[in-house]
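Now for the letters of each chain:
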There are 4 protein chains.
Amino acid sequence: MPATPLDSAIYRDLLGDAEVGALFSDSAEVRAMLLVEGALAKVQGAMGVIPEVSAQAIHRASLELQIDPAGLSAATGVNAVPVPALVDAFRSQMQAPEHAQYVHWGATSQDIVDTALMLRLRQVLVILERRLLATTKALGALAEAGADQPMAGRTYGQTATPTSFGVVVAAWGQPLIGHHAKLAVVRGDLLHVSLSGAAGTLSAMGDDGPAIRASLAEALNLADPGGSWHSTRDTVAGLAAWLTAVTGSLGKLGEDLVLMTQSGIGEVALGATGGSSTMPQKANPVQPSLLGAIARQMVGLNTVMQGAVLHRQQRDGAAWIAEWLSLPQMCLLAARALAIAETLVPQITPNPQAMARNLDDGLGLIHAEALTFALAATMPRPKAQEAVGALCARARDTGTPLPELARANHPDLAASVFAPATAMGQAPAEARAFAAAARAL
Amino acid sequence: MPATPLDSAIYRDLLGDAEVGALFSDSAEVRAMLLVEGALAKVQGAMGVIPEVSAQAIHRASLELQIDPAGLSAATGVNAVPVPALVDAFRSQMQAPEHAQYVHWGATSQDIVDTALMLRLRQVLVILERRLLATTKALGALAEAGADQPMAGRTYGQTATPTSFGVVVAAWGQPLIGHHAKLAVVRGDLLHVSLSGAAGTLSAMGDDGPAIRASLAEALNLADPGGSWHSTRDTVAGLAAWLTAVTGSLGKLGEDLVLMTQSGIGEVALGATGGSSTMPQKANPVQPSLLGAIARQMVGLNTVMQGAVLHRQQRDGAAWIAEWLSLPQMCLLAARALAIAETLVPQITPNPQAMARNLDDGLGLIHAEALTFALAATMPRPKAQEAVGALCARARDTGTPLPELARANHPDLAASVFAPATAMGQAPAEARAFAAAARAL
Amino acid sequence: MPATPLDSAIYRDLLGDAEVGALFSDSAEVRAMLLVEGALAKVQGAMGVIPEVSAQAIHRASLELQIDPAGLSAATGVNAVPVPALVDAFRSQMQAPEHAQYVHWGATSQDIVDTALMLRLRQVLVILERRLLATTKALGALAEAGADQPMAGRTYGQTATPTSFGVVVAAWGQPLIGHHAKLAVVRGDLLHVSLSGAAGTLSAMGDDGPAIRASLAEALNLADPGGSWHSTRDTVAGLAAWLTAVTGSLGKLGEDLVLMTQSGIGEVALGATGGSSTMPQKANPVQPSLLGAIARQMVGLNTVMQGAVLHRQQRDGAAWIAEWLSLPQMCLLAARALAIAETLVPQITPNPQAMARNLDDGLGLIHAEALTFALAATMPRPKAQEAVGALCARARDTGTPLPELARANHPDLAASVFAPATAMGQAPAEARAFAAAARAL
Amino acid sequence: MPATPLDSAIYRDLLGDAEVGALFSDSAEVRAMLLVEGALAKVQGAMGVIPEVSAQAIHRASLELQIDPAGLSAATGVNAVPVPALVDAFRSQMQAPEHAQYVHWGATSQDIVDTALMLRLRQVLVILERRLLATTKALGALAEAGADQPMAGRTYGQTATPTSFGVVVAAWGQPLIGHHAKLAVVRGDLLHVSLSGAAGTLSAMGDDGPAIRASLAEALNLADPGGSWHSTRDTVAGLAAWLTAVTGSLGKLGEDLVLMTQSGIGEVALGATGGSSTMPQKANPVQPSLLGAIARQMVGLNTVMQGAVLHRQQRDGAAWIAEWLSLPQMCLLAARALAIAETLVPQITPNPQAMARNLDDGLGLIHAEALTFALAATMPRPKAQEAVGALCARARDTGTPLPELARANHPDLAASVFAPATAMGQAPAEARAFAAAARAL
């Protein structure tokens, strides 16, 4: 019964993500929690906190036991966490009560749930990083190829001055370089083991607590936070903020592509487009629209994650459970957005004819600023602006192109004033600089 | 692979809702879309728009065909809507091309998807209303029973003046009466058939379009919108706003219960509480915490739905798909919150001893306002406020109760000044007025 | 020191609203609070709760006293509410302590602040309604005038089938009719006097409390809530939801206008457009962009207001103060959006030539659906869809218009297939129906 | 006419921030824009792009001219940016048209507005950092002082196990250390000059563009972005995310303090508290409530800023103007929250008696986990949990303290089992570790 199309068989190929989805499956969650319990026992056995033979038995069982997720549901419905039921099932299935009693020794549910989450988030971030890099590099190649391709720059939807397709692409990719750089910070803040016991003091482990936590961190290839983060959720919220930032930048790419593929504009073609149930001619920019939809959803879910930082006292059920409602889908949506982008970008094909047509709307008004600066060489700039304003009005009224009117009135205008190469300014260079930076990642 | 605990086998009993969940299952969605296609054909057959024999064949098939949701996924991944694949599967499974060609005659994908959604939302609203009424009535009974039970009113967490438990309950329930009243408005705005064709003009149905839409509405027991609502999403956003309002009011109930059950306060006991994996004494207010978590999530998702009202042109993929990401889980979360409340409220048991203890903190400072007004009968009120302020300070310094100090200084004070019945003011009456209103629903 | 451009001298003409702004000025707030205190005393005097002569003195003073807002600041910084300082100033300025002691008798700060807010919101809603009606009626006139004006319907930015300009306008206006209808509900829920005393029980007024509240409501022309709404904020949140819905619908108008005015599309011209500091030709759709910006801001602020429904216990400082941070600017932004729309709509001028150009992209692919249904009269529809799909591809490949190819292959095609009047379907009728509904408001 | 209490004379001392507010005043904005225009001319003069004598005249004028913010309003209302009006006023006031024509040479409005914003944000961040450090250090001192002070740890509002006041304080402060560390990243990403011309290509400056930008950056003590960031708003959104994270962490501090100061809990006293207009005894935790209110508002506004990353094409009026509506108040609110925290933290006074009382609720149930582990030394842990669970129930039923029951049943229990020093586990050490880290900042 899917609450979201991400979990739907119908929408699986539209919005699902098999690779990251596998990390958020119920069985993956159970598996990860078992892994944490097993590693904890092993570490505690090695340090003599629990009998080594029990530790070995628990660790082995943690790898071998099959615990049915659905079997945890009834008790989870009462306790709000699956760990009491998991520990019960673990102990009972072990059929060795003398060892089983040492399962979950001194830990609390939140330790297990949060550490098991971190194990999977570590893998999620590897996948996201791979896709982010691939997307950025694909944008780099596209920017390089289109560096000298003139097209109309648009502000407020209106043609402004000429720019290059390559630098438009660079604006999609540049933020991704920044997001990639920040991923290291997010990872460093986030990927910690949690082991703090009932109310964050690790009291049930006596003096060994910090050493056990450090060893557990090492065993699980996570970092040791050096304390409790049960109720300091800024690091989890930091992941949400990063995911939101990434999908926001991809959302701009999506929005721009929807605009560039509009009928009557058609400046780029996309590889895959969507058909209609009734209109045979339709080629809808489905993938860009998905990027827009995902970006919006992420912004909404991010409010929940940022609000969950107001986590009261030593554990706040309302705040913690709110994280569960938002974070998994944020990871999956970000993964999906990156997968879409990775596939989409190499298929973006600029249409130079359409770009030329939009650049020159028949009136050449896009050259108005350049003409102003050309005229300002021989007259005060305010006068030049006024003169060009008048010429623009005349062009609109008479349908005569601005360049033609300009040359008629100012016969000694340099030939290059209206040349695309001049008009694009720094755009080609900036496109190439981005391409180089993307290659260097 | 659950993107949300609502779809998880582990968390099913904590956050899932079987009854409403069944309406959002993949097969329910397919079934609803088939129902719409079948009803459309039947109506078109009756009006002679398509051959009646084909209409009957399609209608019959719409009830009998089994279409596998997963089989729609690949094409849905391309087209962003499942309808083209559904129509293909329908036609192909019918094995009667002469009739099958009339499937989906003149409609567009959005007509089918949105109408199929409305069919299910109608049922969702019936369920929600039932739970809302039950919760409100249970609160009414609780308010009635507790109308004369004194407890400390608190503002900013500080005891303010005495109030009654019943009126505290009334404050939880009063808004629900309002939400129930508004449900009729939401239903009236929302539960429309959608039948507007490719770009909202219904052009493929010729002059019969409006009559077909009206008949389809009647056949499906939905209202006829009299036009297209493909791109006017205020009614769908209105549902989201209502769901958010309902869960917000339940969230206040949850927050208040978390505060009232605090160790050291303990003014109410709850029926079911959650245990800890390591602390045998724990009785966590799990259900109230869930209400808080759900309310937060709804506020976040509501931003997506309100933002989706900015639906561009005649169909905006980004805005429309964003609705799919948010609305189903909003319905499920609201349903779950109401189910929790319906179960929780009858189990709320006030603890008069604890209430009395919090009312009288040993110093009786909660009576300061009442004392002021009593003294103001014989001295100017500013002077009375000053005098009582001084007595409060003395009470704090010496540990002597304020009433005792007051009587020592003002021997002729009326006996009733510190009596709970006086002190509760209108609280009992307001509690009973709410109870009566809840009974009358 | 403006925290927002709404309070800035620079941006006053862009984002400010003088008429509604006057209602949120500091002096208007002080004036409204004085009005409430004055009316309360008058009512209490008439009922014999306080001496009538004092009541008259207070009431007169409430109309005459000049209290400097800035003088309240220091104490407000300590108490979080301006009322203690206001009452002090009131009493002190009256210079008649024998009467002044009866100021604010039995009320609490929240009573005064909330009632004073309602007095101003009543006026705000009158202004908003006037603008909403004017905008809706202007849209009605525009829809009527453009009912038969063909233009390209667009889904996903792609031309879909022909529609009419009038029905595009109707989609902007139709939701406004709904919002107007709901305004009565919002008003009925919202515009209550608040008079509940320290913790909501009105205890300091004895048995007279309800009668005093009823009389106060009558005196102030507000409704009597019949109880306390100190901590039930659903009605205030309901106003926020309504304001968000209104600006969301105006946001769609804004988004569509930005798209329709794009260079190369140019389907409408606007009256006032913005210039650039460096590009003489620019005519930016500033007003539509403002509608988009305001809609986004409102969605964000609405999260705060909906979250503030989780108002704990009998008064929750955090939740209540959060309302202050969001609600005034929401009112001002909604007012500004409506003022923009009221001015903008009458200046929208359709450009039939541009509409025709976008309708016929040279290939006539927009007629593909209509052609399918025409062919389906003589062949199975799937075959017709296939045939039209092939013709569309041929049209794209060869640059030959689809109608020409169609007539060549199907010489007996009806002449009307490609005629705009047929193609627009129900659009003209729906445009006129909206226009009639708008006129009838 | 204040749209927000931040701009109100009444609420100035409650929510305003004079120091940061001065940076967002209208005159500060005009001053900053003039500074940018002046520095641009100076740089362009030095590089020979404009005549040096004109550059000097412009630079001098930029420091001397007085431009009335209100005078820019009418044109800003038309153009949506104040720069055209500012440039006009600048040129006209210079009264030297031969020089004035070189004002704003090759720049666009967004260059000036964004760079002027960065100049002020640089100062804002200096102020915020100072307050953040002071708050963190004050928390460090408080954590150190309270490291060994036992108190009840609470999860779900229920006493869980003992913890120390110092580690509770550390949980407030630890995230601030992280936020401080990230401030360097935010600064590095954000504080760039913007100089990209009309559509981001800097074309009007010819080949000198990049060198001019680099020099301008140096002159203004900002970084050179090496390209255009007109439409890549991730860095501005990154500031919003950081501000939200900071106020979120302060919001937890606020929420915890509201809970700790509750009547009946009273574990800490605050320096300044708020009074009531009618209740002489009230001492409301106003400052903590403000922190909660501000955190909520920030989360809402952050949605706008994150959504504004979907900035279309080369300039998107709706997205850009949405930033103006949110970012200034976010800066001011974050500044205010830090100012509150800086003042509040040194005034937090723990109440050891109240902490002891809440630690020992008369039944000592808080020791249940510790007792389990003590018993588990001699019996299997599940049996120990069961035994302790039974003892807890007995304690509740009979009112006999758990320690007493435990000793009666298990006479050889170690004396230290119920000792606070043991029970606090790692809490004192973690409190000291935080204190050391705070000192080291």
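Quantities reported herein were computed from a predicted structural model and do not represent experimental measurements. (Residues numbered from 1 in each chain as written. Chains lettered and ligands numbered in written order. Predicted model: local features only at pLDDT ≥ 70, side-chain atom pairs only at ≥ 80, totals over all residues. Heavy atoms only, no water.)

## Topic: the packing of aromatic side chains
Turning to step 1, where the next piece is worked out: In the structure shown here, the tally under the stated rule is 16 aromatic pairs over all chains.
Turning to step 2, where the next piece is worked out: A centroid spacing of 4.9 Å and a plane angle of 70° characterise the contact between C:W320 and C:W324, whose relative ring orientation is edge-to-face. Residue C:W320 and its partner C:W324 are both found in helix α13 (residues 317–344); the two are separated by 4 residues, about one turn of the helix.
Turning to step 3, where the next piece is worked out: Assessed through its relative accessible area of 1%, C:W320 is described here as buried.
Turning to step 4, where the next piece is worked out: Joined through ring pairs, the aromatic side chains of A:Y11, B:W320 and B:W324 make up one cluster. (Phe/Tyr/Trp six-rings, centres within 6.5 Å; stacked < 30°, edge-to-face > 60°. Helix = DSSP H or I, 4+ residues; strand = E, 2+ residues; numbered from the N terminus. Buried < 20%, exposed > 50% of the residue type's maximum accessible area, 1.4 Å probe, protein only.)

## Concerning the pairing of strand β1 (residues 150–155) of chain D
All names here are of chain D.
Turning to step 1, where the next piece is worked out: Judged by how many residues are buried, β1 sits mostly within the fold: 6 of 6 residues are covered.
Turning to step 2, where the next piece is worked out: Pairing geometry for β1 and strand β2 (residues 158–164), over 5 bridges, is antiparallel. In the strand pairing of β2, R154 is matched with T159.
Turning to step 3, where the next piece is worked out: Here β1 folds back onto β2 in antiparallel fashion, the turn holding 2 residues, of which Y156 has a positive phi close to 55°. (Pairing = 2+ DSSP bridges.)

## With respect to the packing of helix α11 (residues 234–260) of chain B against helix α13 (residues 317–344) of chain B
All names here are of chain B.
Turning to step 1, where the next piece is worked out: Contact geometry for α11 and α13: axes closest at 10 Å, N-to-C directions at 35°. Crossing of α11 against α13: the hand is left-handed. Of the residues in α13, those in contact with V236, L239, A240, L243, T244, V246, T247, L250, L253 and L257 of α11 are E323, L327, M330, C331, A334, A337, L338, A341 and L344.
Turning to step 2, where the next piece is worked out: Each residue belonging to the contact of α11 with α13 can be placed in one class, and the counts come to 16 nonpolar, 2 polar and 1 charged. (Axes fitted to C-alpha atoms, helices over the stretch in contact; angles between N-to-C directions. Left-handed = near helix turned anticlockwise from the far one by under 90°. Contact = heavy atoms within 4.5 Å. Nonpolar A, V, L, I, M, F, W, Y, C, P; charged D, E, K, R; others polar.)

## Quick look at the confidence of the model for chain A
Turning to step 1, where the next piece is worked out: With 100% of its residues at a pLDDT of 70 or more, chain A has an overall mean of 95.
Turning to step 2, where the next piece is worked out: The ipTM, which scores confidence in the relative placement of chains, is 0.96 for this predicted complex, and the corresponding pTM is 0.97. (pLDDT = per-residue confidence, 0-100.)

## Concerning unusual backbone geometry
Residues and elements named next belong to chain D.
Turning to step 1, where the next piece is worked out: We note that H104 has phi near 65°; this positive angle belongs to a residue other than glycine.
Turning to step 2, where the next piece is worked out: The class of H104 is buried, set by a relative accessible area of 2%.
Turning to step 3, where the next piece is worked out: Although it is not a glycine, Q313 adopts a positive phi angle of roughly 50°.
Turning to step 4, where the next piece is worked out: Secondary-structure assignment places Q313 in the loop between α12 (286–307) and α13 (317–344).
Turning to step 5, where the next piece is worked out: When its relative accessible area of 10% is taken as the criterion, Q313 is described as buried.

## Focus: the domain arrangement of chain A
How big an interface is tends to be reported as the loss of accessible area on association of its parts.
Residue and element names in this part refer to chain A.
Turning to step 1, where the next piece is worked out: By the assigned domains, chain A splits into domain 1 (16–107 + 205–225), domain 2 (108–192 + 229–359 + 424–441) and domain 3 (360–423).
Turning to step 2, where the next piece is worked out: Here the C-alpha centre of domain 3 lies 39 Å away from the C-alpha centre of domain 2.
Turning to step 3, where the next piece is worked out: Each partner contributes to the interface: domain 2 provides 13 residues, whereas domain 3 provides 9 residues.
Turning to step 4, where the next piece is worked out: Interface of domain 2 and domain 3: buried area, both sides summed, is about 810 Å²; carbon and sulfur atoms make up 53% of it.
Turning to step 5, where the next piece is worked out: The three residues of domain 2 that bury the most area against domain 3 are P162, L359 and M424, which together make up 51% of that side's buried surface.
Turning to step 6, where the next piece is worked out: Counting every contact that joins domain 2 to domain 3 gives 0 salt bridges.
Turning to step 7, where the next piece is worked out: Counting every contact that joins domain 2 to domain 3 gives 5 residue pairs in polar contact (both at pLDDT 80 or more).
Turning to step 8, where the next piece is worked out: Listed by contribution, the elements that provide at least two residues to the side of domain 2 that touches domain 3 are β1 (150–155), β2 (158–164) and α14 (352–359).
Turning to step 9, where the next piece is worked out: Of the residues belonging to the side of domain 2 that touches domain 3, the class tally is 7 nonpolar, 5 polar and 1 charged. (Domains from an automatic or database assignment. Buried area = accessible area lost by both parts, 1.4 Å probe. Salt bridge = Lys/Arg side-chain N within 4 Å of Asp/Glu carboxyl O. Polar contact = N/O pair within 3.5 Å; in protein donor to acceptor, adjacent residues only side chain to side chain.)

## A few points about the interface of chain B and chain A
Turning to step 1, where the next piece is worked out: Taken together, the 76 residues of chain B in the interface contact 76 residues of chain A.
Turning to step 2, where the next piece is worked out: Contact between chain B and chain A buries roughly 6100 Å² in total, counting both sides, with carbon and sulfur atoms accounting for 60%.
Turning to step 3, where the next piece is worked out: One can count 2 salt bridges joining chain B with chain A.
Turning to step 4, where the next piece is worked out: Here B:E255 and A:R312 are joined by a salt bridge, their closest N and O atoms 2.8 Å apart.
Turning to step 5, where the next piece is worked out: Where chain B meets chain A, there are 23 residue pairs in polar contact (both at pLDDT 80 or more).

## Focus: the relation of the copies chain C and chain B
Turning to step 1, where the next piece is worked out: Between chain C and chain B, which share one sequence, the superposing operator has a rotation angle of 180° and an axial displacement of 0.0 Å; the RMSD is 0.0 Å. Taken together, the rotation angle and the small translation identify this as a two-fold axis.
Turning to step 2, where the next piece is worked out: With an isologous cut-off of 70% or more, the 100% of interface residues of chain C that recur at the interface of chain B puts this contact in the isologous class. (Least-squares fit on C-alpha atoms with pLDDT ≥ 70 in both.)

## Things to note about the relation of the copies chain B and chain A
Note that the two copies of the chain are related through a rotation about an axis and a translation along the same axis.
Turning to step 1, where the next piece is worked out: In screw terms, the move from chain B to chain A is a rotation of 180° and a rise of 0.0 Å along the axis, fitting with an RMSD of 0.0 Å.
Turning to step 2, where the next piece is worked out: Both copies share a contact surface, since 100% of the interface residues of chain B are interface residues in chain A too.

## Notes on helix α9 (residues 165–190) of chain A
Turning to step 1, where the next piece is worked out: Counted at 1.5 Å a residue, the expected span for α9(A) with its 26 residues is 38 Å, and the 38 Å between its end C-alpha atoms agrees.
Turning to step 2, where the next piece is worked out: When the local axis directions of α9(A) are compared, the greatest deviation, roughly 30°, occurs at A:A171, which is followed within four positions by the proline A:P175. (Expected span 1.5 Å × (residues − 1). Bend = angle between axes of the 7 residues up to and from the residue.)

## Let's talk about the nonpolar core
Turning to step 1, where the next piece is worked out: By size, the foremost hydrophobic cluster in this structure holds 293 residues, and its most contacted members are A:L121, A:L243, B:L121, B:L243 and B:L327.
Turning to step 2, where the next piece is worked out: Beyond its immediate sequence surroundings of up to four residues, B:L121 is in contact with B:F24, B:L190, B:L191, B:L239, B:L327 and B:C331.
Turning to step 3, where the next piece is worked out: With 292 residues, the next largest nonpolar core counts C:L142, C:L332, C:A438 and D:F165 among its residues. (Core = buried A, V, L, I, M, F, W, Y, C linked by side-chain atoms within 4.5 Å.)

## Describing the environment of A:G226
Turning to step 1, where the next piece is worked out: If you trace the backbone, A:G226 turns up in the loop between α10 (209–220) and α11 (234–260).
Turning to step 2, where the next piece is worked out: Along the chain, A:G226 and A:A214 lie 12 residues apart, while their C-alpha atoms are 7.9 Å from each other.
Turning to step 3, where the next piece is worked out: Leave out the neighbours within four places in its chain, and A:G226 touches A:R213 and D:E430.

## Notes on the packing of helix α12 (residues 286–307) of chain A against α13(B)
To characterise two packed helices, one gives the angle between the axes of the helices and the distance between these axes.
Turning to step 1, where the next piece is worked out: The geometry of α12(A) relative to α13(B) is characterised by a closest axis approach of 7 Å and an angle of 45° between their N-to-C directions. Looking at the two axes, α12(A) sits oblique to α13(B). Crossing handedness for the pair α12(A) and α13(B): right-handed. Residue-level contacts link A:S289, A:L290, A:G292, A:A293, A:I294, A:R296 and A:Q297 of α12(A) to B:G317, B:A318, B:I321, B:A322, B:L325, B:S326 and B:Q329 of α13(B).
Turning to step 2, where the next piece is worked out: Grouping the constituent residues of the contact of α12(A) with α13(B) by class yields 7 nonpolar, 6 polar and 1 charged. (Parallel < 35°, antiparallel > 145°, perpendicular 65-115°, else oblique.)

## Observations regarding the interface of chain C and chain B
Turning to step 1, where the next piece is worked out: The interface of chain C with chain B comprises 80 residues on the first partner and 80 residues on the second.
Turning to step 2, where the next piece is worked out: In total, about 6300 Å² of surface goes out of reach between chain C and chain B, with carbon and sulfur atoms giving 58% of it.
Turning to step 3, where the next piece is worked out: Three residues, C:Y156, C:L310 and C:Q313, lead the burial of chain C against chain B; their summed loss comes to 11% of the area buried on that side.
Turning to step 4, where the next piece is worked out: The tally of links between chain C and chain B comes to 4 salt bridges.
Turning to step 5, where the next piece is worked out: As a salt-bridge pair, C:K182 and B:D189 come within 2.6 Å of each other at their nearest N and O atoms.

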